[in-house]
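# Report on the structure
Here is what each chain is made of, one letter per residue.
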Amino acid sequence: MGDLVSDLYIDSEMLQRVRENLAHIGTLLDKPSRAMDRVDSKAMGASELEKRMDSFGDEWKYGIDQLKKFSKSAVKALDKIEKAFGGLDAELAKALREAAQKK
């Protein structure tokens, strides 16, 4: 009798690529986040434009920071999914082997 395996499948290579891409988002966004934080609105010369540029820089920095937080949370979630899937797959394979032995 051959090895019984469950029908559950997860593309672990794809999962790893997605995880690495999400983990890398923070690094990619650090540079633009710092650049937006250094925008000098005083160079604009018009007070209303200065206010808007300050607001724009703050909004971008906030949005980038939120994306970084999301990507960290997504990486943690993918890690949990992978771990849970591995356990479930092992349990299902064990149950299938036990069922085959009872026949």
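As a starting point, this report considers the structure included with it.

### A few points about the overall build of the chain
Across its full length, the chain holds two helices and zero strands. Within the chain, the proportion of its 103 residues that are buried is 18%. Put simply, of all contacts in the chain between residues at least 6 apart along the chain, 81% involve residues at least 24 apart. Split by element, the accessible area of the chain, about 8100 Å² in all, is 58% carbon and sulfur.

### Thoughts on the side chain of Ser 71
Its place among the elements puts Ser 71 in helix H2 (residues 47-102). Ser 71 sits in the buried class, given a relative accessible area of 2%. In this structure, Ser 71 is in contact with Leu 22, Ile 25 and Gly 26, ignoring residues within four places of it in sequence.

### Focus: H2
Across its 56 residues, H2 extends 82 Å between first and last C-alpha, which sits within 8% of the 82 Å expected from 1.5 Å per residue. Looking at H2, one finds that the buried residues are Glu 50, Gly 57, Ile 64, Lys 68, Ser 71, Ala 74, Val 75, Leu 78, Phe 85, Ala 93 and Ala 100.

### Points about the pattern of salt bridges
Taken as a whole, this structure holds two salt bridges when the rule is applied. Measuring nitrogen to oxygen at the nearest pair gives 2.6 Å for the salt bridge that ties Asp 79 to Arg 19. Placement of Asp 79 in helix H2 and of Arg 19 in helix H1 (residues 12-37) is noted, with a sequence separation of 60 residues between them. A salt bridge links Lys 61 to Asp 65, with the nearest nitrogen and oxygen atoms 3.1 Å apart. Of this pair, Lys 61 and Asp 65 both sit in helix H2, four residues apart, roughly one helical turn. A relative accessible area of 24% means that Asp 65 is categorised as partly exposed.

### A short note on the side chain of Lys 68
Relative to the assigned elements, Lys 68 resides in helix H2. Residues in contact with Lys 68, not counting those within four places in the same chain, are Gly 26, Leu 29 and Asp 30.

### Details of the environment of Lys 61
Its relative accessible area of 25% is what places Lys 61 among the partly exposed residues. Remark: the alpha-carbon pair of Lys 61 and Arg 34, spanning 27 residues in sequence, is separated by 7.9 Å.

### Details of the nonpolar core
Membership of the largest hydrophobic core is limited to five residues, which are Leu 15, Leu 22, Ala 74, Val 75 and Leu 78. Beyond its immediate stretch of four places on either side in the chain, Leu 22 contacts Ser 71, Ala 74, Val 75 and Leu 78.

What counts, and at which threshold
- Sequence order as written defines residue numbering, which begins from 1 separately in each chain.
- Only residues with pLDDT of at least 70 are given local features in this predicted model, and only at 80 or more are side-chain atom pairs given and counted; all residues enter the totals for whole chains, interfaces and linings.
- For side-chain calculations, the full set of non-hydrogen atoms in the structure is used, while hydrogens and water are omitted.
- Helix numbering and strand numbering both begin at the N terminus, where a helix is a DSSP run of H or I of at least 4 residues and a strand a DSSP run of E of at least 2.
- Buried means the residue's accessible area, taken with a 1.4 Å probe over protein chains only, is under 20% of the maximum for its type, while exposed means over 50%, and partly exposed covers the values in between.
- Contacts were defined at the residue level, with two residues in contact if any of their heavy atoms lie within 4.5 Å.
- Shrake-Rupley sampling with a 1.4 Å probe provides the accessible areas, and residues are treated as covered by the protein chains on show and by no other component.
- One less than the residue count of a helix, multiplied by 1.5 Å, gives the span that helix is expected to have.
- A carboxyl oxygen of Asp or Glu within 4 Å of a side-chain nitrogen of Lys or Arg is what we treat as a salt bridge.
- Side-chain atoms within 4.5 Å link the members of a nonpolar core, which is a set of buried Ala, Val, Leu, Ile, Met, Phe, Trp, Tyr and Cys residues.

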